[in-house]
Amino acid sequence: MSPTPTRSLIPSTTAEAVAGLRRARTRRWASVVTVLSVLVIAVFVASLMIGQTFYPIDEVARVVAGQQVPGASFTVGRLRLPRAVLAVLVGLCFGLGGVTFQTMLRNPLASPDIIGISSGASAAAVFGIVTLGLGSTGVSVLAIVAGLGVALLIYALAFKNGAAGIRLILVGIGISSMLTALINWELTRAAQWDLQEALRWLAGSLNGANWDAVIPVLIALVILSPLLIGQSKSLSITQLGDDTAEALGVGVSRTRLFVIVTAVGLIAFATAAAGPVAFVAFLSGPIAARLTGPGPSPLIPAGLVGALLVLTADLVGQFALGTRYPVGVVTGILGAPYLLYLIIRINRSGGSL
Amino acid sequence: MTTDHSLSAEDLHLSYGDADIISGLSLELPAGDITGIVGANACGKSTLLKSMSRLLTPRQGRVILDGRQVHSMPAKQLARTLGLLPQTPIAPEGITVADLVGRGRHPHQGAFSRWSAADDLAVAEALDVTGTADLADRSVDELSGGQRQRVWIAMALAQQTDILLLDEPTTFLDVNHQVEVLDLLTELNARSGVTIVMVLHDLNLAARYCDRLVMLAGGGIHAAGTPAEVLTEDNVEEVFGLANRIIDDPVSGQPLMLPIGRHRTLC
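Residues numbered from 1 in each chain as written. Chains lettered and ligands numbered in written order. Predicted model: local features only at pLDDT ≥ 70, side-chain atom pairs only at ≥ 80, totals over all residues. Heavy atoms only, no water.

Trainee: So what exactly am I meant to see when it comes to helix α5 (residues 136–158) of chain A here?
Mentor: Because an α-helix packs 3.6 residues into every turn, residues spaced three or four apart end up facing the same way. With 23 residues, α5 of chain A should reach 33 Å at 1.5 Å per residue; the first-to-last C-alpha distance of 33 Å fits that figure. All of the buried residues in α5 of chain A are V139, A143, I144, A146, G147, V150, A151, I154, Y155 and A158 of chain A. (Helix = DSSP H or I, 4+ residues; strand = E, 2+ residues; numbered from the N terminus. Expected span 1.5 Å × (residues − 1). Buried < 20%, exposed > 50% of the residue type's maximum accessible area, 1.4 Å probe, protein only.)

Trainee: How do you make sense of the packing of helix α4 (residues 117–129) of chain B against helix α5 (residues 145–158) of chain B when you look at a structure like this?
Mentor: Packed helices, taken two at a time, are described by the angle between their axes plus the distance between the axes. Residues and elements named next belong to chain B. Orientation of α4 relative to α5, taken along the N-to-C sense of each, is 140°, at an axis distance of 8 Å. What the angle tells us is that α4 and α5 run oblique. Seen along the crossing, α4 lies across α5 with a hand that is right-handed. Contacts between α4 and α5 involve A122, V123, A126 and V129 from the first element and A154, L157 and A158 from the second. Of the residues assigned to the contact of α4 with α5, the class counts are seven nonpolar, no polar and no charged. (Axes fitted to C-alpha atoms, helices over the stretch in contact; angles between N-to-C directions. Parallel < 35°, antiparallel > 145°, perpendicular 65-115°, else oblique. Left-handed = near helix turned anticlockwise from the far one by under 90°. Contact = heavy atoms within 4.5 Å. Nonpolar A, V, L, I, M, F, W, Y, C, P; charged D, E, K, R; others polar.)

Trainee: Before we go on, may I ask you to explain the side chain of T14 of chain A in this structure?
Mentor: Among the secondary structure elements, T14 of chain A is positioned in helix α1 (residues 12–49). Sequence-distant contacts of T14 of chain A, that is, excluding residues within four places in its chain, are made with A124, L127, D128 and A133 of chain B.

Trainee: Explain the nonpolar core here, please?
Mentor: Nonpolar side chains in soluble globular proteins generally cluster together in the buried interior. Counting 103 residues, the largest nonpolar core has L86 and F101 of chain A as its most contacted members. In terms of residue count, the dominant contributor to this core is helix α3 (residues 72–104) of chain A (17 residues). Residues contacting L86 of chain A, with those up to four places away along its chain left out, are L206, A209, A213, V214, V217 and A273 of chain A. Residues A245 of chain A together with L127, M155 and A223 of chain B belong to the second largest nonpolar core, which totals 58 residues. (Core = buried A, V, L, I, M, F, W, Y, C linked by side-chain atoms within 4.5 Å.)

As structure tokens, this is what we get:
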């Protein structure tokens, strides 16, 4: 059979129906992305305005445009702007990285914060702070390297004889517990002044965000996210199972390795900047998939959901609860019930993303 | 419509880890035929099919498509000529029939190229041919086993390959759906000249629907040829260790195998 549409005897109605369904899927995807983008921008602007002092939108706009506004220039320009920008970038990274793993392994539990990649970065950071006494740059580099290292270790252990999604998750959870033990051990012998810094690596926090922390995440996102999004078609084909994907011309092992390295890069850089903001990688994908419906690539929507989650959770953590909580505490409280729900549901039906 | 592709295996050695599954198998698959691969459990039927579609790299020997080694061809290029429907493909949760069948267009699309009218037509044709057009907007999860298998075949058809390999396309289906799927493949073969190679469990259905049978045993080919040449009492006895009688199938005229167990026999 060769593609000769002009000579086809098939009534055009089926083709029209197929095209109509496809357009409806694309439209829904586009409207989800549009609405999410608008929401991210709205919460971003709100987080620049809200704080101990409220600045109206015109003053915020002038600061962002680079003008000197007494008071606002420091509070908005130096404190709130880098914090909000970091929240967006980190959220995008976690959302993209998380949904990549969940899609690739066909399991929502397979997110990097469940299978030990985030713990790898955290454990290395705590080790760097407590035992090696490294400065913040050294700690970040160590965290990124450790995140990648742990991911490749899990991959090597789990993919010994070809593919196995569930084995990767189990190996990951095992490694994650070992790393948690290591973190606890480090914390018990940490000096008082290191403890505060170390704790930031455990829950995830945007406190003290500045442009120096923003730049590496921005560079990672600009380089890695187009590479990842370029693989989204192949990624969605691998969901049909390894054999089917190979038969459709997707090099499964190559795609998988490329995508793992890219996604882990995003996660590791975001973790190095803000700690492993709990459950954002885990939650973004399923929320995005629920919004777009099954079928279209959830990568971009998941990134936007991640950004929205981190921005909103940080705003809530700072100003809505009386005491100031780090962002990771708020997302952790949001994520835990969902994890339980998911475990119950998978137990019942063996579902995927 | 080009159906003059040649697919063959030369001195193929296949193994999983240390276990040799196939050793020194050579096979030529005639273009435009329906070939059935039969044999006892774990004799390497699926393994052979996988290596023919480069899912498994042979330890030794090669698979040749149109004079080129399958294992050194670009993946997408191969996927435009040769399709494979594995035994247990996975449907992503909630995916609709039209979307799933559309995934079969992957080898015809570039990484960023837009969906074309030719893609829509190919999907529509695959849905129409398999009688699944009415299901287009349904979720694959909701379908019956027979419907689902037709949808998977539709996906393989949307790939528009001249050669189609199927690994037990009738497993888990009721007998009426088995016949329906085999009828569908026969029509496809007659209409478009698609070369079909499939692993089948049911010897009698295999004899009825295939132009040629390849019977595997002991890591190689035990017998190959027309159903009448391959499905003989001796061959079934040797390969399956089963006493049996072969009679003429009054419906198709092909051989029909009747197993002889230890009980419930007249003599």
